[in-house]
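Chain residues, written in single-letter form:
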Amino acid sequence: MAMALTSSRIVGLGGCAGTGTLGQAGGELFGDAVDSPRWKSGNSASTTHLPLKWSSRSPSRPLCTLANNVNNNNVSWNGKPVVPSMNVNGNGSVLGSRAFHDMDLREPRSNGSRLRIFSGTANEQLAQEIACYMGLELGKVRIKRFADGEIYVQLQESVRGCDVFLVQPTCPPANENLMELLVMIDACRRASAKTITAVIPYFGYARADRKTQGRESIAAKLVANLITEAGANRVLACDLHSGQSMGYFDIPVDHVYGQPVILDYLASKMISADDLVVVSPDVGGVARARAFAKKLSDAPLAIVDKRRQGHNVSEGPRRTFDPSSVMNLIGDVRGKVAVMVDDMIDTAGTIANGAALLHQEGAREVYACCTHAVFSPPAIERLSGGLFQEVIITNTIPVQEQNYFPQLTVLSVANLLGETIWRIRGHCGLAQRPAYHKEVDTAREELANFREKFDQWKIHYDREIGKTRQELAMLTPRLMGLGLASKIHHLQEMTASRMNTPRSSTPRCSTPRSADL
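In this text, all values refer to a predicted model and were calculated from it rather than measured experimentally.

Moving on: the side chain of T371. By the element assignment, T371 lies in strand 15 (residues 365–373). Excluding residues that lie within four positions of it along the chain, T371 makes contacts with C238, D239, G258, D342, D343, T394 and T396.

Here's what the structure looks like:
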């Protein structure tokens, strides 16, 4: 088990810092992509590379005092990467980056800010990362379960007149986590919170969004009603199974997508655009895969046509699992790198059968990408069986220790959700371009102008060198006639040294070099 853990990758706290959208293939969320931070666990110590992209638009963002240290020894006894604690000092810390020191920090949250973030027990790690991105501390809340299974929630600080955000995915155990979210909402409402926003990175029961047979329930609508009646004023959800689920709520719903996080990571792998093909594992995910392919260098699209026998059951490709099954591929994947895109992986039957079909059709490599890793048995056995080059997921659902395997990569959506929370509280559009991008555009223009001036200066420099060499060639016969051969050798050395001068040693102009930008 230790070997599997040391091979798994956790990319955290910087996933959404790239070009992308908060809405469907809509406006941009961020500008230039930055290197995705990684936590890689080794045999003895983990190396931490955490270049973050922080934003400094809110003058009232308080200082994060979540924990104390960040070091290169964040590995537990069994080799599993652990959540690093934070420190405003130190070269390797998240908050020690230049971007963090550029933030305009003010007083601690308790002394003035009316924003509160609380976490349930479903995904405390993600809530902690969101709070750190926003420069806040998690609110203090007491959650316990009685002997008979009842849930008890008590807020340990005042939220009167505050904007409260409750981070709680309704992941397995879905009923326990859903009930905990409802009780937390009720506690905030009875504590006179001004607004209550339920931040639900993974919305359980989202697949029960319609009736496919007679006498079925539409559980997604029922859950939406429960959240509304509990007292929530707004819902922030990530990658709902179907967009129609937003219509089940009688309160505003902000729907964000995890695509920018995964796209940034794939872009860092430097796969040739000519070798890529995006694959939808079923017909229902064609729209999602098409939007993903458009952002991934406008890659071609392929579709797996499957027949589902029942809930959590997917038929395999011909000549592989069941000869009587029906599973066909629409599109060409021969010799290409196939990227399968889905919103979630539950038992992994659909995506594993699709990967087997892609290998049959001649795909060189197969990558699996999804936002929600439910990982119900036997998902781990199917995903780690050698069909996939890499399985890329996000941390909307916490991955259990026993579910790590060598091909697994976990990306963080903390920045994505944290940025959305700031915009919700600031009444800003989710898809509009942030104000700080004007500074990025200005820097790009200055860089382009400098490059143009540099090219002109280089042409002039080369022209002057050419003239110097011509003058030296004309002067050589006269010096030879006067017996000044040593002068000729000295001039030749001077000319050669000017020709071989490295760029960094050339006279500096008033505009900084492109490398400095």
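With that settled, the discussion passes to the side chain of D163. Turning to its location among the elements, D163 is positioned in strand 7 (residues 163–167). Judged by its relative accessible area of 14%, D163 falls in the buried class.

Its place among the elements puts G354 in helix 8 (residues 349–360). Among the residues examined, G354 registers a relative accessible area of 0% and is labelled buried. Spatially, the C-alpha atom of G354 lies 8.6 Å from that of D282, the residues being 72 residues apart in sequence. The residues contacting G354, other than those within four sequence positions of it, are V304, M327 and M340.

So, about the nonpolar core. Of all hydrophobic cores here, the largest spans 41 residues; its most connected members are I130, M134, L266, V278, F292, V339 and I392. In terms of domain composition, this core takes at least three residues from each of domain 1 (115–209 + 217–256) and domain 2 (258–308 + 324–411). Core analysis: the second largest hydrophobic core is formed by 34 residues, M184, A220, F249 and V253 among them.

Strands sit in the order 4-7-8-9-10 across an open sheet of five strands; the sheet is parallel. Looking along the sheet, the strands with just one partner apiece sit at the ends: strand 4 (115–119) and strand 10 (253–256). When strand polarity is set aside, the average angle formed by the axes of neighbouring strands in this sheet is 20°. Pairing of strand 8 (residues 195–200) with strand 9 (residues 234–238), which is carried by four bridges, proceeds in the parallel orientation. Opposite T197, over in strand 9, you have R234 as the bridge partner. Sheet strands touched by helix 4 (residues 174–190): strand 4, strand 7 and strand 8. Its angle to strand 8, the strand with the most contacts, is close to 165°.

Before going further, it helps to examine the pairing of strand 15. When you tally the buried positions in strand 15, you get eight out of nine residues, the bulk of the element. Here eight bridges tie strand 14 (residues 337–345) to strand 15, and the two strands are oriented parallel to one another. What sits directly across from V341, in strand 15, is C369. Bridging between strand 15 and strand 16 (residues 390–394) involves three bridges; their strand directions are parallel. Its bridge partner lying in strand 16, Y367 is registered against E390.

The next thing to look at is unusual backbone geometry. In this chain, P172 is followed by P173 through a cis amide linkage whose omega measures -5°. Its location among the elements puts P173 in the loop between strand 7 and helix 4. The step from P377 to P378 runs through a cis peptide bond, and the omega angle for that step is 5°. Topologically, P378 is positioned in the loop between strand 15 and helix 9 (379–383). Phi at A348 is positive, roughly 70°, even though this residue is not glycine. Residue position: A348 is located in the loop between strand 14 and helix 8.

On to the environment of R190. Its place among the elements puts R190 in helix 4. For R190, a relative accessible area of 62% puts it in the exposed group. Taking C-alpha positions, R190 is 9.4 Å from R160, a pair spaced 30 residues apart along the chain.

We now examine the packing of aromatic side chains. Counted by the stated rule, this structure contains six aromatic pairs. Plain terms: the ring middles of F203 and F249 are 5.7 Å apart, the flat faces sit at 55° to each other, and that makes the pair tilted. With F203 in the loop between strand 8 and helix 5 (219–230) and F249 in the loop between strand 9 and strand 10, this residue pair connects regions lying 46 residues apart in the sequence. Ring centres of F375 and F405 lie 6.5 Å apart, and the angle between their planes is 50°; this geometry places the pair in the tilted category. You can see F375 sitting in the loop between strand 15 and helix 9 and its partner F405 sitting in the loop between strand 16 and strand 17 (408–411), a full 30 residues away along the chain. Residues F375 and F405 agree in their burial class; the two are buried. Members of the aromatic cluster, connected to one another through ring pairs, are F450, F454, W457 and Y461. In this arrangement the basic side chain of K144 is found over the ring face of Y152, its NZ or CZ atom lying 5.3 Å from the centre.

Moving on, we get to the pairing of strand 17. Of the two faces of strand 17, the one lined by L408 and V410 and the one lined by T409 and L411 are each fully buried. Bridge count for strand 16 against strand 17 is four bridges, and the pairing is parallel. Across the sheet, the residue bridging to I392 is T409, located in strand 17.

Further remarks concern helix 4. Between its first and last C-alpha atoms helix 4 spans 24 Å; for 17 residues at 1.5 Å apiece the expected length is 24 Å, and the two agree. Along helix 4, the residues classified as buried are N177, L178, E180, L181, L182, M184, I185, A187 and C188. Here the buried face of helix 4 lies against strand 4, strand 5 (141–145), strand 6 (151–155), strand 7, strand 8 and helix 5. Of the residues trailing helix 4, S192 is marked for its positive phi of about 65°.

We now examine the pattern of salt bridges. Close approach of charged atoms lets side chains of opposite charge pair. Scanning all chains against the criterion turns up 15 salt bridges. The salt bridge involving R288 is made with D342; its shortest N-O contact spans 3.6 Å. Taken as a pair, R288 in helix 7 (residues 286–295) and D342 in strand 14 lie far apart in primary sequence, 54 residues in all. Grouping residues by exposure puts R288 and D342 together as buried.

Reading guide: rules and limits
- Residues numbered from 1 in each chain as written.
- Predicted model: local features only at pLDDT ≥ 70, side-chain atom pairs only at ≥ 80, totals over all residues.
- Heavy atoms only, no water.
- Helix = DSSP H or I, 4+ residues; strand = E, 2+ residues; numbered from the N terminus.
- Contact = heavy atoms within 4.5 Å.
- Buried < 20%, exposed > 50% of the residue type's maximum accessible area, 1.4 Å probe, protein only.
- Core = buried A, V, L, I, M, F, W, Y, C linked by side-chain atoms within 4.5 Å.
- Domains from an automatic or database assignment.
- Pairing = 2+ DSSP bridges.
- Axes fitted to C-alpha atoms, helices over the stretch in contact; angles between N-to-C directions.
- Phe/Tyr/Trp six-rings, centres within 6.5 Å; stacked < 30°, edge-to-face > 60°.
- Lys NZ or Arg CZ within 6 Å of the ring centre and 35° of its normal.
- Expected span 1.5 Å × (residues − 1).
- Salt bridge = Lys/Arg side-chain N within 4 Å of Asp/Glu carboxyl O.

Purely spatial values, then, with no claim about function.
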